[in-house]
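Read off the chains here:
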Amino acid sequence: MFRNDYSVGAHPYIIDEISKTNAIHTRGYGEDKFCEKAISLIKEHLQNEFVDIHFFVGGTQTNMTALSAFLRPHEGIISADTGHINLHETGAIEATGHTIIPVENKDGKISACQIQKVIDNHMPIHMTKPRLVYISNSTEYGTIYSKAELYAISDICKKNNLLLYIDGARLGVALTCEKNDLTMIDICNCVDAFYIGGTKNGAMFGEALVILNENLKEDFKYFIKQRGALLAKGRFLGIQFIKLFEHNLFYDLAQHANKMASQLSNGLEKLGFNLFIKTETNQIFVILTNEQHKKLSQIFDYEVWEPHEKGMVVRFVTSWATHLGDVEHLLKEIEKL
């Protein structure tokens with residue numbers, strides 16, 4: 001129930017629309033009226049007609065296809081050491097022949113200064129050339145980048161001729177949390193490419209990659225096909241993003257996930273439990289003793305994140321499908337600990 005934000009199928013609006021349109025015949029591989037409408041809606045939302053938008057099934061597939069296409073063989077990627085591409089994608093990037101250059105994270109994030117340091121320490125010809133900066137918003141710790149932080153990173157990238165890419169698997173919760181001061185339009189002003197995550201925000205599956213840099217657009221569909229990422233029944237991706245963006249559903253679902261996370265996080269602190277990191281979006285990291293975890297894990301499904309001197313750090317994740325009753329039940333059982 002609290003292990004992740006994709007453990008249930010999809011929002012009913014999406015299921016209903018897929019069912020309603022099921023018997024309609026369309027062209028394949030994203031060349032259908034649903035994908036065309038979804039792309040139009042996203043472009044309208046971004047206030048930018050000149051972006052290229054491509055749909056993928058999942059985040060790892062998106063990252064691997066995009067990053068390998070954007071780089072030449074000798075070029076590498078600067079990432080937080082906790083970055084998804086560095087820890088949780090089974091070496092997908094490295095398998096394409098590109099090196100990840102990890103830098104130490106602070107609350108899941110990296111800074112413009114750290115990026116500059118990597119550039120300054122680079123030894124031409126003998127070391128992998130840093131060419132792209134990868135960040136996640138929200139991060140693996142549920143933290144977000146502020147407008148000032150993102151613009152500072154963007155300035156460093158432009159100064160050093162680096163590409164900037166945002167993994168937006170949880171972009172919805174990042175943009176709807178209380179601390180956020182960014183919009184998607186701000187992101188478009190800063191980055192070369194980013195993706196809008198649907199899988200973790202109400203879709204059955206699906207991510208929408210947005211390419212802004214003109215130099216990265218040419219022949220990109222060839223890379224999608226070559227990587228096995230061009231879905232024959234692409235209509236199902238288009239239908240889902242239509243529902244997410246035609247009536248603000250994308251933001252409504254993310255906001256609900258954040259609201260439930262705030263309820264849970266505040267409740268944990270009131271009960272005297274220590275958070276491993278301050279909750280900003282829909283991921284809550286709390287420190288439990290081994291005995292507390294042993295008892296609680298018999299009732300609820302959640303993830304053990306990392307060891308801690310007091311026991312362990314566990315992660316609870318809320319989603320669009322989390323009910324207030326679920327949160328209250330969890331807090332009631334935790335109180336017994």
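In this text the structure is predicted, and so the values were computed from the model without any measurement. Position numbers for residues count from 1 along each chain, tracking the sequence in the order it is written. Residue-level local features of this predicted model are given only where pLDDT is at least 70; pairs of side-chain atoms are given and counted only at 80 or more, and the full residue set underlies all totals for whole chains, interfaces and linings. No hydrogens and no water enter the side-chain calculation; it runs on all heavy atoms of the structure.

Draft legend 1. Structural detail: the pairing of strand β6 (residues 193-197). Here β6 lies mainly inside the structure; five of its five residues are buried. Of the two faces of β6, both are covered, the one formed by A193, Y195 and G197 as well as the one formed by F194 and I196. Pairing of strand β5 (residues 163-167) with β6 involves two bridges; the strand directions are parallel. Counted as the bridge partner of I166 is F194 from β6. Each residue is placed in one exposure class: buried if its accessible area under a 1.4 Å probe, protein chains only, is under 20% of its type's maximum, exposed if it is over 50%, and partly exposed if it falls in between. The helix count covers DSSP runs of H or I at least four residues long, the strand count covers runs of E at least two residues long, and both are numbered beginning at the N terminus. Pairing between strands is defined by DSSP: at least two bridges between them are needed.

Draft legend 2. Focus on helix α11 (residues 235-246). Given the number of residues in a helix, its expected span is that number minus one, multiplied by 1.5 Å. The end-to-end C-alpha separation of α11 is 16 Å, in line with the 16 Å expected for twelve residues at 1.5 Å each. Counted residue by residue, α11 has eleven buried out of twelve residues, so it is predominantly covered. The set of residues buried in α11 consists of R235, F236, L237, G238, I239, Q240, F241, I242, K243, L244 and F245. Immediately downstream of α11, the backbone of N248 shows phi near 70 degrees, a positive value.

Draft legend 3. Expanded view of the sheet that holds strand β4 (residues 129-136). As summarised here, the arrangement of the seven strands in space is β1-β7-β6-β5-β4-β2-β3, forming an open sheet in which the pairing is mixed. Both outer strands of the open sheet, β1 (52-56) and β3 (100-103), are each paired with one neighbouring strand and no more. Taking each pair of neighbouring strands and ignoring which way they run, the sheet shows an average axis angle of 25 degrees. Across five bridges, the pairing between strand β2 (residues 75-80) and β4 is parallel. The residue of β4 that forms the bridge with E75 is K129. We call two residues in contact when some of their heavy atoms are within 4.5 Å. Convention adopted: a line fitted to C-alpha atoms gives each axis, helices being fitted over their contacting stretch, and angles between N-to-C directions are expressed from 0 to 180 degrees. Packing of helix α6 (residues 112-120) onto the sheet brings it into contact with β2, β3 and β4, and relative to β4 it is tilted by some 160 degrees.

Draft legend 4. Representation of unusual backbone geometry within the structure. A cis amide bond links N137 with the next residue in sequence, S138, at an omega value of 0 degrees. Checked against the element boundaries, S138 lands in the loop between β4 and α7 (147-159). A positive phi angle, close to 55 degrees, is found at D107, a residue other than glycine. You can see D107 is positioned in the loop between β3 and α6.

Just distances and angles here, no functional claims.
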